[in-house]
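Here is what each chain is made of, one letter per residue.
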Amino acid sequence: MEAAAAIRSAAAPRMRLAGRSSRGSGAAAARAIPVSRSDWQTACAILSSTNDSPTPPAPKVNGQNNINKLAAPAIPGSEDAVSGLDLVLAAGAGNLPRPLSISDLSPAPLHGAQLRVAYQGVPGAYSEAAAGKAYPGCEAIPCDQFEVAFQAVELWIADRAVLPVENSLGGSIHRNYDLLLRHRLHIVGEVQLPVHHCLLALPGVRRELLARVISHPQALAQCEHTLTRMGLNVAREAFDDTAGAAEHIAAHALRDTAAIASARAAELYGLQVLADGVQDDAGNVTRFVMLAREPIIPRTDRPFKTSIVLAHDREGTSVLFKVLSAFAFRDISLTKIESRPHRHRPIRLVDDANIGTAKHFEYMFYIDFQASMADVRAQNALAEIQEFTSFLRVLGSYPMDMTPWDAAPSSSSSDQQQRG
Ligand SMILES: O=C(O)C(=O)C[C@]1(C(=O)O)C=C[C@@H](O)C=C1
């Protein structure tokens, strides 16, 4: 409680981006268009409410809040680091980088000029492919948990993180929604990755010998019906990531176990592909967000998306209705809405002497909408929403991923710069 109060008192006053609830009134809002990176950064920071502050203080390293002191990242074992996706495939798993853990997160020496991108999983994970699509030619840094990827960026060990937020079959990856709120990173881009799963096993293993299938829970969910149709009614076990499951089979020579993972994982860990394309839907796609310490300056010369999170402390359902109408009246399309339990106030009790005590669940609402924060319509919508919410934060305003799914990732550096 005390920490939260300290954060609140340190917070800047709420900024009004435009005149009071003036639907479509451009003049006041136009004044608020940030002109520089620092203006925009300030605008993002102070869009948080003074009433409600779910973001904790900066993570501690060795008992100290160290972020400002860190200029020099290092990762134990980074001599072995894999460079992006266009790396030469390793012959075996022996020279692959070990994923970062919480205990590795201490400041250390400078790295070179190559962009370092943290992802969750081990080499061969879809998240590694997403990092390579987002930042062609980057140095992809494996992390053993989502939390570690966030902290790697905050501590300057990595320059960016690329993390999954939703899948077309499995739905939202709630952990990352929660972490977006608990950390202070900005969404600077998105990538959508077609996810094509394979059933992998040790060479020579036949399907009939299998006693279990292991993978990331999202991957298991994405293949559930296909596995059943294939007659594979064996135990399914959750693993931290798809490639980690493949690595586990290879490392322990498990002849009764198959993994659901990518064809690249099969190559990296020396497994054979028992079945190709085992996802339930051929159009299986996972959406990842790209995270950075600084926001990018929003623009209007290409399609942008903006992600916000809000909470309200009023009774009834009309607040959400008003939020949605602030976008609808301005012809701004919503692309996603997600609710998560409100960490600091999950339940509200409402006492009525006649009926008893009602217990309402409280939520944070995450909304993605299709407009840039440089667009006056978006500024006016948020100015209006601020009037009836107790907390509002812009998680990022960033270019939409417009690449066709079957197109190869772009490798132009100008494209990379636009993506932040
Ligand atoms: O396990 C992996 O390979 C991941 O990159 C994680 C993940 C996920 O979290 O959804 C990413 C894409 C697929 O949807 C399956 C798993």
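What comes next concerns the included structure. (Residues numbered from 1 in each chain as written. Predicted model: local features only at pLDDT ≥ 70, side-chain atom pairs only at ≥ 80, totals over all residues. Heavy atoms only, no water.)

Of note, the phi angle at Trp 156 is positive, near 65°, even though the residue is not glycine. Counting through the fold element by element, Trp 156 comes out in the loop between helix H5 (146–154) and strand S5 (160–167). On the basis of relative accessibility, which here comes to 36%, the residue Trp 156 falls in the partly exposed class. (Helix = DSSP H or I, 4+ residues; strand = E, 2+ residues; numbered from the N terminus. Buried < 20%, exposed > 50% of the residue type's maximum accessible area, 1.4 Å probe, protein only.)

Locating Ser 325 in the fold gives a position in helix H10 (residues 318–328). Judged by relative accessible area, Ser 325 falls into the buried class, the value being 11%. Of note is the side chain of Ser 325, whose polar atom sits 2.9 Å from the backbone oxygen of Lys 322. (Polar contact = N/O pair within 3.5 Å; in protein donor to acceptor, adjacent residues only side chain to side chain.)

Now for the sheet that holds strand S15 (residues 334–341). Spatially, 4 strands are ordered S15-S18-S14-S19 in an open sheet, and the strand pairing comes out antiparallel. Edge strands, defined here as strands with exactly one partner in the open sheet, are S15 and strand S19 (391–399). Averaged over neighbouring strand pairs, the angle between their axes works out to 15° when direction is ignored. Bridge count for S15 against strand S18 (residues 363–369) is 7 bridges, and the pairing is antiparallel. Within the sheet, the bridge partner assigned to Ser 339 lies in S18 and is Phe 365. (Pairing = 2+ DSSP bridges. Axes fitted to C-alpha atoms, helices over the stretch in contact; angles between N-to-C directions.)

According to the stated counting rule, one finds 5 cavities of 30 Å³ or more in the structure shown. Here the largest cavity defines a volume of roughly 220 Å³. Breaking the lining of the largest cavity down by element, the ones donating at least two residues are helix H4 (126–134), S5, helix H7 (217–229) and strand S13 (285–292). Take the lining of the largest cavity: its biggest share by element is 3 residues, from H7. When grouped by side-chain class, the residues that make up the lining of the largest cavity number 8 nonpolar, 9 polar and 1 charged. Counting the residues that make up the lining of the largest cavity, at least three belong to each of domain 1 (113–193 + 283–293) and domain 2 (195–279). (1 Å grid on protein atoms, 1.4 Å probe; cavity = no way out; pocket = protein on both sides within 12 Å on 5 of 7 lines; lining within 4 Å. Points joined across faces, edges and corners; volume = space filled by probe spheres on them. Nonpolar A, V, L, I, M, F, W, Y, C, P; charged D, E, K, R; others polar. Domains from an automatic or database assignment.)

On the surface, Leu 324, Leu 334 and Ile 337 cluster together into a nonpolar patch covering about 210 Å² of accessible area. Position of Ile 337 among the secondary structure elements: in strand S15. Ile 337 sits in the partly exposed class, given a relative accessible area of 41%. (Patch = residues over 30% accessible without salt bridge, like charges linked within 9 Å, V, L, I, M, F, W, Y side chains within 5 Å. Areas by Shrake-Rupley, 256 points an atom, 1.4 Å probe, with all protein chains shown as cover. Salt bridge = Lys/Arg side-chain N within 4 Å of Asp/Glu carboxyl O.)

This paragraph deals with the site of the ligand. Surrounding the ligand, one finds 13 residues, the nearest of these being Tyr 126, Ser 127, Gln 222, Thr 242 and Thr 286. Within the backbone of Tyr 126, an N or O atom sits 2.9 Å from an oxygen atom of the ligand. Between the ligand and His 216 there is a distance of 3.3 Å, counted from an oxygen atom to a side-chain nitrogen or oxygen. At the level of secondary structure, the elements contributing two or more residues to the shell around the ligand comprise H4, S5, H7 and S13. (Near = heavy atom within 4 Å.)

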